[in-house]
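Summary of the model geometry
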Amino acid sequence: MKEITLDVLHDAATRLLFDMSDEEYQTLFEEFKILTKQMETIGRIQGLDELEPMTFPFDCGNSYLREDVAEEPLPREEALANAGSVQDNEIKLPKVVG
Amino acid sequence: MSILDLTISEIHQALVNKTTTPVELVKEALARAKANNDNAFEILIEEQAIKEAEALGEPEVDNPFWGIPFVLKDNFSTKGIETTASSNILNGYIPLFDATVYAKLKKKKAILIGKTTLDELAMGGTGTTGHKGTTFNPWDPKHERLVGGSSCGSAACVSAGIVPFAMGSDTGDSVRKPASYAGLVGFKPSWGRISRYGLFPFAPSLDHVAYFTRDVKDAALLLDVLAGRDLHDATSSLEPVERYEEDLSAPLKGKKIAVIDDIVQTISDQKIQLAFKRSCEELAKQGAIIEHIRFGEDLLQSIYATYIVISCSEATSNDANLDGIKFGPFYPGKTYQEVMFNARTKGFSELIKRRFVIGSFSLMSENQDILFRRAQKNRRKIVNRLNEILAKVDAIYVPAAPSVAPKIVSSSYKLSDEYLIADNHLALGNFGGLPSITLPLMLEDGLPVGVNLTGAAFEEKKLLSLAAGLERITGLANLSVLNKKEGNL
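Residues numbered from 1 in each chain as written. Chains lettered and ligands numbered in written order. Predicted model: local features only at pLDDT ≥ 70, side-chain atom pairs only at ≥ 80, totals over all residues.

1. Concerning the overall build of chain A
Looking only at helices and strands, chain A features 3 helices and 2 strands. Each helix and strand of chain A, ordered N terminal to C terminal, gives the series α-α-α-β-β. For chain A, the C-alpha radius of gyration of 23 Å lies well beyond 13 Å, the compact-globule estimate for 98 residues. Overall, the C-alpha framework of chain A stretches about 55 × 45 × 25 Å when taken along its three principal axes. Within chain A, the proportion of its 98 residues that are buried is 12%. (Helix = DSSP H or I, 4+ residues; strand = E, 2+ residues; numbered from the N terminus. Rg over C-alpha atoms; globule rule 2.2 N^0.38 Å. Buried ≥ 20, exposed ≤ 12 C-beta atoms within 10 Å, placed from the backbone.)

Structure below.
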């Protein structure tokens, strides 16, 4: 497991696109000390390598194709209603290129 | 006692007999909501609720939800009504569609009077982390105690007598633990039994729609309405829906109930131990067969870590869409990444950020196999053990929590067995997607504490029948702060 340092926590937060205060990083660092010990409880379980990871409680074989019926799309006004930055019927963001 | 203090089925009779009207009920519920100071509401929906009540015609004899006021946890989408999941990152967000759960209740002419507080984005178990602050336990007028979370506002509303039922969600124990602290029935049916369309996801492999009522019969009646396949939710089940209230009077004779001793033994509160033991003796007197078993202490100790790793990892990915661009408060920046960075830095509270970092750390390429995948493998091992037990018995029976509602300032030693096992074992039901119900066991110094029954997947009818039998033993059906009872244990 990657060693937990304040830099690693900063890196994780940056990847998640947010920042925290120095005090909050310190709290998280302390929390990880306990969490690491709690995670050791999984490390102690024998025979896990033979098991498949469980991604859902049980298989749900619900694959199907929806009937090919035309539906009304979301009206533009509604689609934009919750966006905080709108111009000319489009969401406006800073330039990406050039 | 007011008619509003009765159960749903009793209120229904009063409506059919015209002893009361939906308008009277809704107005009284709103008046109680306004007078309540437990910080249970994100928003009250006064005008719409009264209008809907006034528009109802003659009572529908075969529809127990006709004219019944209720509340939704504020992580269910409600078209045209602000829905924030108690997070600043969703302030001002007005959904464009109704959650299936709300649509079904609307169709039955139940009346939504408000949306309730939660731990931010449903990630928490204390009811203290929402953007409106702590939600208090109605059983403690001094406001020193938690009602628990994350469905804190919904729990407070039902136990304070504002409404007879409230919708919540349960990813680890977010309905069944507060139900214990609030003296309520808290029911989480099987994963897929109720559509999650319109429920804000936290950890989809663990998330369930769940709810609070004041007796088991109401829990069964509510499942009649909410269960079923929904084409909007690919994970909703094709299993046939039953009439869940049909077997509630069935005797307990011959029913096999497993008590997991290595959970019970971690509880230090002797009064809970004693009441639980008495309830087992009473169940046996009624002809139930109590089997004391051991689950495996190592596996039980690993529940919490397994839950945290899986839930935080899933949440990290799910909540990537909360970026302040499509919805939520917009914060300008020089690049689109900076726009998102500003929205997420200002919009999430510290606790949520910490959980996201735990998830991100578990998913880092260096850690993924030894943390995330190992937790998923351990989940399978735990669920295999659960299903092995449930193949031999009708239900698993354990205390729902190790104590009455804790004080807000209290803290527990996070590496003790009491914390790792007794405080977190309800997540077993989420790991396995199993139906699981909490109901009141006793009152300790005026504060309620509950027990929990968990059954095999999609055996809700059998589980509710057992819970009704247990409710007859405890004598604590329809408990609330306005309808206090002593109980039998």
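Having seen the structure, we can now continue with the description.
2. Description of the overall build of chain B
What chain B contains, in helices and strands, is 17 helices and 11 strands. Here chain B has a C-alpha radius of gyration of 21 Å; the compact-globule value for 489 residues is 23 Å, and the two agree. By its C-alpha atoms, chain B is 70 × 55 × 45 Å across when sized along the principal axes. Long-range contacts, defined here as pairs at least 24 residues apart, represent 76% of the contacts in chain B between residues at least 6 apart. (Contact = placed C-beta atoms within 7 Å.)

3. Things to note about the environment of Ser268(B)
All names here are of chain B. Note that Ser268 resides in the loop between α8 (261-264) and α9 (270-285). With 13 C-beta atoms packed within 10 Å, Ser268 lands in the partly exposed category. In sequence terms Ser268 and Val147 are 121 residues apart; their C-alpha atoms lie 21 Å from each other.

4. Here we look at the environment of Leu206(B)
Residue and element names in this part refer to chain B. Inspection of the secondary structure puts Leu206 in the loop between β5 (185-188) and β6 (208-213). When the C-alpha positions of Leu206 and Gly433 are compared, they lie 7.2 Å apart, and in sequence the two are 227 residues distant. Leave out the neighbours within four places in its chain, and Leu206 touches Thr171, Gly172, Ile310, Ser311 and Asn430.

5. Describing the packing of helix α2 (residues 22-43) of chain A against helix α11 (residues 303-318) of chain B
One way to put it is that α2(A) packs onto α11(B) with a least axis distance of 8 Å and a crossing angle of 105°. Taken together, the axes of α2(A) and α11(B) lie roughly perpendicular to each other. Within the contact between the two elements, α2(A) uses Gln38(A), Met39(A), Thr41(A) and Ile42(A) and α11(B) uses Tyr304(B), Ala305(B), Thr306(B) and Val309(B). By residue class, the composition of the contact of α2(A) with α11(B) is 5 nonpolar, 3 polar and no charged. (Axes fitted to C-alpha atoms, helices over the stretch in contact; angles between N-to-C directions. Parallel < 35°, antiparallel > 145°, perpendicular 65-115°, else oblique. Nonpolar A, V, L, I, M, F, W, Y, C, P; charged D, E, K, R; others polar.)

6. Focus on the interface of chain B and chain A
Each partner contributes residues to the interface: chain B has 65 residues there, and chain A has 45 residues. Listed by contribution, the elements that provide at least two residues to the side of chain B that touches chain A are α10 (297-301), α11, α12 (336-347), α13 (350-363) and α14 (368-390) of chain B. Broken down by element, the residue count for the side of chain B that touches chain A peaks at 12 residues, all from α14(B).

7. Quick look at the sheet that holds β5(B)
Residues and elements named next belong to chain B. One open sheet holds the 11 strands; their spatial order is β1-β3-β2-β4-β6-β5-β10-β11-β9-β7-β8, and the pairing between them is mixed. Two strands in the sheet have a free side with no partner beyond their single neighbour: β1 (41-44) and β8 (289-293). Strand-to-strand, the axes of this sheet are offset by a mean angle of 30°, without reference to chain direction. Where strand β7 (residues 256-260) lies against strand β9 (residues 395-399), 3 bridges are found, and the strand directions are parallel. Paired with Val259 across the bridge in β9 is Tyr397. Where helix α5 (residues 152-159) meets the sheet, its contacts fall on β1, β2 (69-73), β3 (111-116), β4 (166-170) and β6, and the angle it forms with β4 comes to roughly 145°. (Pairing = 2+ DSSP bridges.)

8. Quick look at the nonpolar core
Core analysis: the largest hydrophobic core is formed by 165 residues, its most contacted members being Ile113(B), Val163(B), Ala166(B), Phe212(B) and Ala467(B). Residues within four places of Phe212(B) in sequence aside, it is in contact with Ser154(B), Ala155(B), Val158(B), Phe165(B), Ala166(B), Gly168(B), Val175(B), Ala179(B), Leu184(B), Val185(B) and Gly186(B). (Core = buried A, V, L, I, M, F, W, Y, C linked by C-beta atoms within 7 Å.)

9. With respect to α12(B)
Here α12(B) is 12 residues long and its end C-alpha atoms lie 16 Å apart, about the 16 Å a rise of 1.5 Å per residue gives. Taken together, the buried positions of α12(B) are occupied by Val339(B), Met340(B), Phe341(B), Ala343(B), Arg344(B) and Gly347(B). (Expected span 1.5 Å × (residues − 1).)

10. Overview of α2(A)
Over its 22 residues, α2(A) extends 31 Å from the first C-alpha to the last, a length consistent with the 32 Å expected when each residue adds 1.5 Å. Within α2(A), burial applies to Leu28(A), Leu35(A), Met39(A), Thr41(A) and Ile42(A). Elements that come into contact with the buried residues of α2(A) comprise α1 (6-15) of chain A together with α10, α11, α13, α14 and α15 (417-422) of chain B.

11. A word on unusual backbone geometry
Residues and elements named next belong to chain B. Cis geometry marks the peptide bond from Gly149 to Ser150; its omega dihedral reads 10°. Locating Ser150 in the fold gives a position in the loop between β3 and α5. The phi dihedral of Lys109 is positive, around 70°, even though this residue is not glycine.

12. Digging into the environment of Thr84(B)
Residue and element names in this part refer to chain B. Mapping Thr84 onto the fold places it in the loop between β2 and α4 (100-107). For Thr84, a count of 25 C-beta atoms within 10 Å puts it in the buried group. In this structure the C-alpha to C-alpha distance between Thr84 and Leu118, which are 34 residues apart in sequence, comes to 9.7 Å. Every residue in contact with Thr84, bar those within four places of it in the chain, is listed here: Glu42, Asp74, Leu90, Asn91 and Tyr93.

13. Notes on the confidence of the model for chain A
Residues with a pLDDT of 70 or more make up 97% of chain A, whose mean pLDDT is 92. In the model of chain A, helix α3 (residues 76-80) of chain A stands out as the element of lowest mean pLDDT, 93, in contrast to strand β1 (residues 86-87) of chain A, which has the highest, 96. (pLDDT = per-residue confidence, 0-100.)

14. Observations regarding the pairing of β2(B)
Residue and element names in this part refer to chain B. For β2, a buried count of 5 out of 5 residues is recorded, marking the element as mostly surrounded by other parts of the structure. Residues Pro69, Val71 and Lys73 of β2 are buried on one face, and the alternating residues Phe70 and Leu72, pointing to the opposite face, are buried as well. Relative to β3, β2 is paired through 5 bridges, and the arrangement is parallel. Looking at the pairing, Leu72 lines up with Lys115 of β3. Crossover connection from β2 via α4 to parallel β3: handedness right-handed. As defined by bridge partners, β2 adjoins β4 across 2 bridges and the pair is classed as parallel. When the sheet's bridge partners are listed, Leu72 is paired in β4 with Met167. (Right-handed = clockwise from strand over helix to strand, strands pointing away.)

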